[in-house]
Amino acid sequence: MKLAEVLADGFGRVQEVVHEAVKDLSAEQLTERPGPGANTIAWLVWHLTRVQDDHVADLMGTEQIWTSGGWLDRFELPFPAADIGYGHRPEDVEAVRVDSADLLTGYYDAVHEATTAWAAGLDEAALDRIVDDAWDPPVTLGVRLVSVLSDDLQHAGQAAFVRGLVLRAT
């Protein structure tokens, strides 16, 4: 497999889990908490998408889809435009409300499309490029992409788990 194919497969798996986690759920189910202080499906999917959008846009040197694609305005959340959900408190999780799963999947799909289109042009040599020298050792493009995939898959899996709990309760 070529690098672009590996990345397309990895991010494609995230996309599949995101779509399955929110499929046919109501706005109430998307924001249901399975326990006190727990994350909701809406917050988990919004957050994983924000992380991917933020990190990949930085790698590409472009504006985030969140702002350039008008998603900030569509979501109407009470957070600064740069907020990706890191360090959110339970009341912040509660503030992520959506009218339908289409808003979540629409934003994820837009970020997915930008990510995979950009990744299609990468070659193996690009993976060694230092993208963040604030760490020791400095973070390479390859490490950053694996980090984004890992974070996304963990949160998508959490959303799928919460889906099971929400559906069991109904």
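Here we summarise the structure given alongside this text. (Residues numbered from 1 in each chain as written. Predicted model: local features only at pLDDT ≥ 70, side-chain atom pairs only at ≥ 80, totals over all residues. Heavy atoms only, no water.)

1. Considering the pattern of salt bridges
If the charged atoms of two oppositely charged side chains come close together, the side chains can form a pair. All chains considered together, the criterion is met by 7 salt bridges. A salt bridge links R89 to E91; the shortest N-O distance between them is 3.2 Å. What makes R89 partly exposed here is its relative accessible area of 46%. Taken together, the shared-partner salt bridges connect R33, E94 and R97 into one network. (Salt bridge = Lys/Arg side-chain N within 4 Å of Asp/Glu carboxyl O. Buried < 20%, exposed > 50% of the residue type's maximum accessible area, 1.4 Å probe, protein only.)

2. Structural notes on the packing of aromatic side chains
Applying the stated criterion across every chain, the model contains 6 aromatic pairs. When the ring of W66 is compared with that of Y107, the centres are 5.1 Å apart and the planes differ by 50°; the resulting orientation is tilted. Placement of the pair is W66 in helix α4 (residues 65-68) and Y107 in helix α7 (residues 101-119), with a sequence separation of 41 residues. Among the residues examined, W66 registers a relative accessible area of 2% and is labelled buried. Feature note: the residues W46, W66, W71, F75, F79 and Y107 constitute an aromatic cluster, connected by ring pairs. The ring of W71 has R74 sitting right over it, with the charged end atom 3.9 Å from the ring centre. (Phe/Tyr/Trp six-rings, centres within 6.5 Å; stacked < 30°, edge-to-face > 60°. Helix = DSSP H or I, 4+ residues; strand = E, 2+ residues; numbered from the N terminus. Lys NZ or Arg CZ within 6 Å of the ring centre and 35° of its normal.)

3. Digging into the nonpolar core
Within the largest apolar cluster, 47 residues are counted, with the highest numbers of intra-cluster contacts made by L30, W46, F75, L104 and L122. Breaking this core down by element, the ones donating at least two residues are α1 (3-22), α3 (41-60), α4, α5 (71-75), α7 and α8 (141-169). The greatest single-element share of this core, amounting to 9 residues, is contributed by α3. Those residues in contact with L30 that lie beyond four places of it in its chain are V22, L25, T40, I41, A42, V98, S100, A101 and L104. (Core = buried A, V, L, I, M, F, W, Y, C linked by side-chain atoms within 4.5 Å. Contact = heavy atoms within 4.5 Å.)

4. Focus on the environment of T105
With respect to the helices, strands and loops of the structure, T105 is situated in helix α7. Of the residues examined, T105 reaches a relative accessible area of 9% and is grouped as buried. Taking C-alpha positions, T105 is 10.0 Å from E20, a pair spaced 85 residues apart along the chain. With sequence-adjacent residues up to four places away left out, T105 is seen in contact with V18, H19 and V22.

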